[in-house]
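Commentary on secondary and tertiary structure
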Amino acid sequence: EHRTMAAAVVTSLNNVQIRVGGQTDIGGGRENQDMWFCWKDPQGSETTVFGVLDGHGREVGRLAAVTGRDAMMDWLERPTSMALFRKDPVKAFGRMFAHAHLKIKQNFRHCLETTGWQVDEAPDGFLMRRRHESQNWSCLHGGASCSVMALVDGRLLSANVGDSSSLLCLSEMDKIAGTMRSVPVPAQCSVRLCDLGTTNLHQDEATHNKGFELEKAFLADAQANLSQPKGEDSTQTAAELEERVDQILASAVLSNSHALPQRAEVLPVEPCLGFVVTPDHSPEAPTEFERMRRTRCKPSDPAVPELLMVYDSPSGSGSKATCPPIFEVNRTTPNTLPAVTNKGKYYKNVRSEWASLVATPPTARFQDALAFTRSLGDFHLQSYGVCFLPEVFEVDLNKLLPNNSQSPSKFITLLVCSDGIWDNWKYDPLVNFIRTREHMVSSPTDPPLPAGVRMVSPLTDGSGAQLSANKLIEKNAKLASANFGSSADNATAVVAYLWR
């Protein structure tokens, strides 16, 4: 596999404009566990952060998504957050996701205790509950996937965990003809700034069971700040813990191995109509197999992770241990990525992607499973290698929005959506559907969001981005009903238009 690395730091632009709209649909469920948000810096910097959280877990999925959403906006409003985003967006995203992750645990505990449960935290950090001392403890399961985009001083940044993903497409308007056409997203317009989930796993090809160092440092830092009043950072303790995070990040030595994601890797490899900005966190991702192997390997077989990575099966004993394994390990060269077997049982979406899971081994005290490898919450699975730390990318806006008044205007369309959208679309048809000329060209005359806004529900002002989000959700509801019937998932989309 050939990987191209960025030769220079992406240059920020100061005249990028953005308009954002969002919409959601409950699908066939009884409760909508999807949440979305758009936040704009109250200090007037024009920094805009928006994202989608998709909760899961019958009892606490909605709580996880609501808590994560609100915690991220609260963190953004801390006095030092914007300065950190400008100086070090990687660490800023790490702190923001850690804050949300820890706040979810805090609210899980509070919810259980206020409804009469006894709650205990296991040594591995997950929550257990019971009604009476005579009962056995049960494990609390649930969390949320999360995808966030940020426009900070003309820099377009992305961070995600799980299967809520972001898609970027590019359109060009001929002012004379009055037409709009799709143009390919150029190759190498996005660079991986860092994968926080694997930063400290590169030092040794044989490293295993050492993957929680950075997670613990970020969580300790978040815990110190979580106990402070809103709007304040703890002083000495926070400084010491933040220095620990810096030390781990600085000491990370990147190898030449392709088994883990590399900093400065540039994507896409070739021009494409629609570019998925967010990386793959499905159980079929070989790099996630390697990350979890190095995080917590199987005690009797260090060549594989202790967490099972399997294709879901609609029949059988109910034990995920009997499901077909996703990967075949090369025992002669164990440091190479495993091969994907492609022995799935059924497709999970219209792109013919196999339904797959990570699951606890049969020896685990509690059985647990998840359809992706990174998440906010899911504290039991986190102890096995599911990770709350995101991969962080930057999109080079210079390559997408050249500042040339003589050329036709170009618009970036960004879609940040839960899997209730992605399950029903192939990427190119979605690009063509969302590329609505009248919605784009109206955006420059639509009023910008006011400073300090915390938008969590649709606008009613008829803006182009909002109309596009409404149109997408309406069409997706019809597709979901046809594809999945009463089992249609919650679906949420944030649409953003950017231009110069």
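This one's a predicted model, so the numbers in the text were calculated from it and none came from an experiment.

1. Topic: the overall build of the chain
Across its full length, the chain holds 12 helices and 25 strands. Counting only residues that meet the buried cut, the chain has 55% of its 500 residues in that class. Contacts spanning at least 24 positions in sequence make up 73% of the contacts within the chain whose residues lie at least 6 apart. Approximately 20300 Å² of the chain is accessible, and the part contributed by carbon and sulfur atoms is 50%.

2. Regarding empty space enclosed by the protein
Counted by the stated rule, this structure contains two cavities of 30 Å³ or more. Taken together, 10 residues form the lining of the second largest cavity, with D195, T198, H202, P261 and R263 sitting closest to its centre. Across the lining of the second largest cavity, the residue classes break down as three nonpolar, four polar and three charged.

3. Brief notes about unusual backbone geometry
In this chain, L267 is followed by P268 through a cis amide linkage whose omega measures -10 degrees. Examined against the element boundaries, P268 turns out to sit in the loop between β12 (266-267) and β13 (274-276). The residue N342 is not glycine, and still its phi comes out positive at about 55 degrees. As for its placement among the helices and strands, N342 is situated in the loop between β18 (339-340) and β19 (356-359). Assessed through its relative accessible area of 48%, N342 is described here as partly exposed. Phi at S352 is positive, roughly 60 degrees, even though this residue is not glycine. Turning to its location among the elements, S352 is positioned in the loop between β18 and β19.

4. Digging into the packing of helix α3 (residues 89-114) against helix α4 (residues 213-226)
For any two helices packed against each other, one specifies the crossing angle of their axes together with the interaxial distance. Where α3 contacts α4, the axes come no closer than 9 Å and their chain directions differ by 65 degrees. As the angle between them shows, α3 and α4 are arranged roughly perpendicular. The way α3 lies across α4 gives a crossing that is right-handed. Every residue of α4 that contacts α3 at K91, G94, R95, A98, H99, H101, L102, K103 and Q106 is listed here: F218, L219, D221, A222, Q223, N225 and L226. Classifying every residue of the contact of α3 with α4 gives six nonpolar, six polar and four charged.

5. Concerning the pattern of salt bridges
Evaluated as defined, the whole model comprises 23 salt bridges. We note a salt bridge from R291 to E288, for which the minimum N-O separation is 3.1 Å. In this pair, R291 and E288 both sit in helix α6 (residues 286-295), three residues apart, roughly one turn of the helix. Overall, the relative accessible area of 0% leaves R291 in the buried class. Residue E288 is classed as buried on the basis of its relative accessible area, which comes to 1%. R374 serves as the salt-bridge partner of E391, at 3.8 Å between the closest nitrogen and oxygen. Pair noted here: E391 is in strand β22 (residues 391-395) and R374 is in the loop between β20 (369-370) and β21 (376-377), with a separation of 17 residues, a long-range link. Of the two residues examined, E391 and R374, each falls in the buried class.

6. What to know about the layout of surface pockets
The computed volume of the largest pocket comes to approximately 1500 Å³. Forming the boundary of the largest pocket are 47 residues, of which D163, A371, D419, D423 and D489 lie nearest the centre. Sorting the residues of the lining of the largest pocket by element identifies β3 (48-56), β19, β20 and α9 (419-422) as the ones contributing at least two each. At three residues, β3 tops the list of elements feeding residues into the lining of the largest pocket.

Cut-offs and rules
Residues numbered from 1 in each chain as written. Predicted model: local features only at pLDDT ≥ 70, side-chain atom pairs only at ≥ 80, totals over all residues. Heavy atoms only, no water. Helix = DSSP H or I, 4+ residues; strand = E, 2+ residues; numbered from the N terminus. Buried < 20%, exposed > 50% of the residue type's maximum accessible area, 1.4 Å probe, protein only. Contact = heavy atoms within 4.5 Å. Areas by Shrake-Rupley, 256 points an atom, 1.4 Å probe, with all protein chains shown as cover. 1 Å grid on protein atoms, 1.4 Å probe; cavity = no way out; pocket = protein on both sides within 12 Å on 5 of 7 lines; lining within 4 Å. Points joined across faces, edges and corners; volume = space filled by probe spheres on them. Nonpolar A, V, L, I, M, F, W, Y, C, P; charged D, E, K, R; others polar. Axes fitted to C-alpha atoms, helices over the stretch in contact; angles between N-to-C directions. Parallel < 35°, antiparallel > 145°, perpendicular 65-115°, else oblique. Left-handed = near helix turned anticlockwise from the far one by under 90°. Salt bridge = Lys/Arg side-chain N within 4 Å of Asp/Glu carboxyl O.

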